[in-house]
Amino acid sequence: MNLTRAERVSRRYGDILALDQVDLDVRAGELVGLLGPNGAGKSTLLNLLVGLRRPSSGRVELFGGDPRTPAARRQLGVTPQETGLPGSLRVGEVVDFVSAHYPDPVPRAELLDRFGLTEQTRRQCGGLSGGQKRRLAVALAFVGRPRLVVLDEPTTGLDVEARHTLWEAIRAFHADGGTVLLSSHYLEEVEALAQRVVVIGKGRVLADDSVEAVRAVVGVRRVSLTADVLPALPGVVRTERTDDGRTHLLTADADQLVRDLVTTGVDFRDLEVRPTSLEEAFLAITSATQPVSA
Ligand SMILES: Nc1ncnc2c1ncn2[C@@H]1O[C@H](COP(=O)(O)OP(=O)(O)OP(=O)(O)O)[C@@H](O)[C@H]1O
């Protein structure tokens, strides 16, 4: 069953085509990571799915209906990228205030414990650190026991420990049968949490598959070597030089690249061919896409 769906959805802001005919389905019980660089269109897509904006064309559904209806909203938990908390209210008061909107909220102590905020219960929101504010904003998405939680870059700006606390809370919700759609710049976050990854770049869905399959589709490999001079070689999607004097070439066809290297007669040493991380694969597919013309 689809909890939310975008069907050939486009969204313009003036001349900017932020989303270009995007299709996305999120089924009950999934944990989906939406991955893309700055300006890819992630927030725009999430805002359309949760009814904060309307598409310029195409169709958006939430729980089979219009995302803007109160009935759909009640089953949804959202943390947008930017959130404001009332500075003079205490953490516990904010949780109580939001809880009051739901018939069966998660008890305050349980929610704050899950998000590592028990000690801050009586602290005014204005006195929280940036990371604590972010954790509270994310915690509020879970208070009404939603069927679907949509989180826009939930862990941006958090230190490692706070990020792991959030990951645990998200995993626990998912393990209990909850559905999650989250956007991230952090590839390790998507790898750590999601079963399915949707890669978005320049307003288009570039890949929608398991993390492993996305890597396989892209098929980017890293060919590393040491050489004093290297000519330009066909099929190289990215070149990096590291401090140890090694050159790393990313390519979809490592065998051909090695053949080309040998043909050029270039003097190289210590050749190594390895699969790439998701991050490298992701950079390769997003940089290989032509810009969307408005
Ligand atoms: N309200 C707006 N008015 C004009 N342009 C906008 C608006 N919101 C987004 N855009 C543009 O639409 C494109 C997609 O932006 P969006 O915020 O959806 O990307 P994103 O993937 O969430 O980026 P980030 O990771 O930086 O948050 C960008 O070019 C952005 O500048």
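Residues numbered from 1 in each chain as written. Predicted model: local features only at pLDDT ≥ 70, side-chain atom pairs only at ≥ 80, totals over all residues.

## A word on helix H5 (residues 130–142)
Okay, so step 1: Over its 13 residues, H5 runs 19 Å from end to end, which matches the ideal 18 Å to within 8%, given 1.5 Å per residue.
Okay, so step 2: Buried residues dominate H5, accounting for 11 of its 13 residues.
Okay, so step 3: For H5, the full list of buried residues reads Gln 132, Lys 133, Arg 134, Arg 135, Leu 136, Ala 137, Val 138, Ala 139, Leu 140, Ala 141 and Phe 142.
Okay, so step 4: Contacts from the buried residues of H5 go to strand S5 (76–79), helix H3 (91–99), helix H4 (108–114), strand S6 (148–152) and helix H6 (160–175). (Helix = DSSP H or I, 4+ residues; strand = E, 2+ residues; numbered from the N terminus. Expected span 1.5 Å × (residues − 1). Buried ≥ 20, exposed ≤ 12 C-beta atoms within 10 Å, placed from the backbone. Contact = placed C-beta atoms within 7 Å.)

## Comments concerning the domain arrangement of the protein chain
Okay, so step 1: Each assigned domain of the protein chain is listed here: domain 1 (2–215) and domain 2 (220–275).
Okay, so step 2: Each of domain 1 and domain 2 has a C-alpha centre, and the two are 40 Å apart. (Domains from an automatic or database assignment.)

## Thoughts on the site of the ligand
Okay, so step 1: Near the ligand you find Tyr 13, Ile 16, Ala 18, Gly 36, Asn 38, Gly 39, Ala 40, Gly 41, Lys 42, Ser 43, Thr 44 and Gln 81, and these make up its full shell.
Okay, so step 2: Listed by contribution, the elements that provide at least two residues to the shell around the ligand are strand S2 (16–27) and helix H1 (42–49).
Okay, so step 3: Here the shell around the ligand takes three residues from H1, the largest share from any one element.
Okay, so step 4: Here the residues of the shell around the ligand sort into four nonpolar, seven polar and one charged. (Near = placed C-beta within 6 Å. Nonpolar A, V, L, I, M, F, W, Y, C, P; charged D, E, K, R; others polar.)

## Section: the nonpolar core
Okay, so step 1: Core analysis: the largest hydrophobic core is formed by 62 residues, its most contacted members being Leu 45, Leu 49, Val 150 and Val 198.
Okay, so step 2: At seven residues, H5 tops the list of elements feeding residues into this core.
Okay, so step 3: Beyond its immediate stretch of four places on either side in the chain, Leu 49 contacts Thr 4, Ala 6, Val 60, Leu 62, Pro 67 and Val 150.
Okay, so step 4: Counting residues in each nonpolar core, the second largest holds five residues, with Val 220, Leu 249, Leu 250 and Leu 257 among its members. (Core = buried A, V, L, I, M, F, W, Y, C linked by C-beta atoms within 7 Å.)

## As for the sheet that holds strand S8 (residues 196–201)
Okay, so step 1: Strand order in the open sheet formed by six strands is S5-S6-S7-S3-S8-S9, and the pairing between neighbours is mixed. Single-partner strands in this sheet number two, and they are S5 and strand S9 (204–210). With direction set aside, neighbouring strand axes in the sheet form an average angle of 15 degrees.
Okay, so step 2: Sheet topology note: the strand S3 (residues 31–35)/strand S7 (residues 179–184) ladder contains five bridges and is parallel. Paired with Gly 33 across the two strands is Leu 182, which belongs to S7.
Okay, so step 3: Contacts from H1 reach S3, S6, S7 and S8, with the element oriented near 150 degrees to S6. (Pairing = 2+ DSSP bridges. Axes fitted to C-alpha atoms, helices over the stretch in contact; angles between N-to-C directions.)

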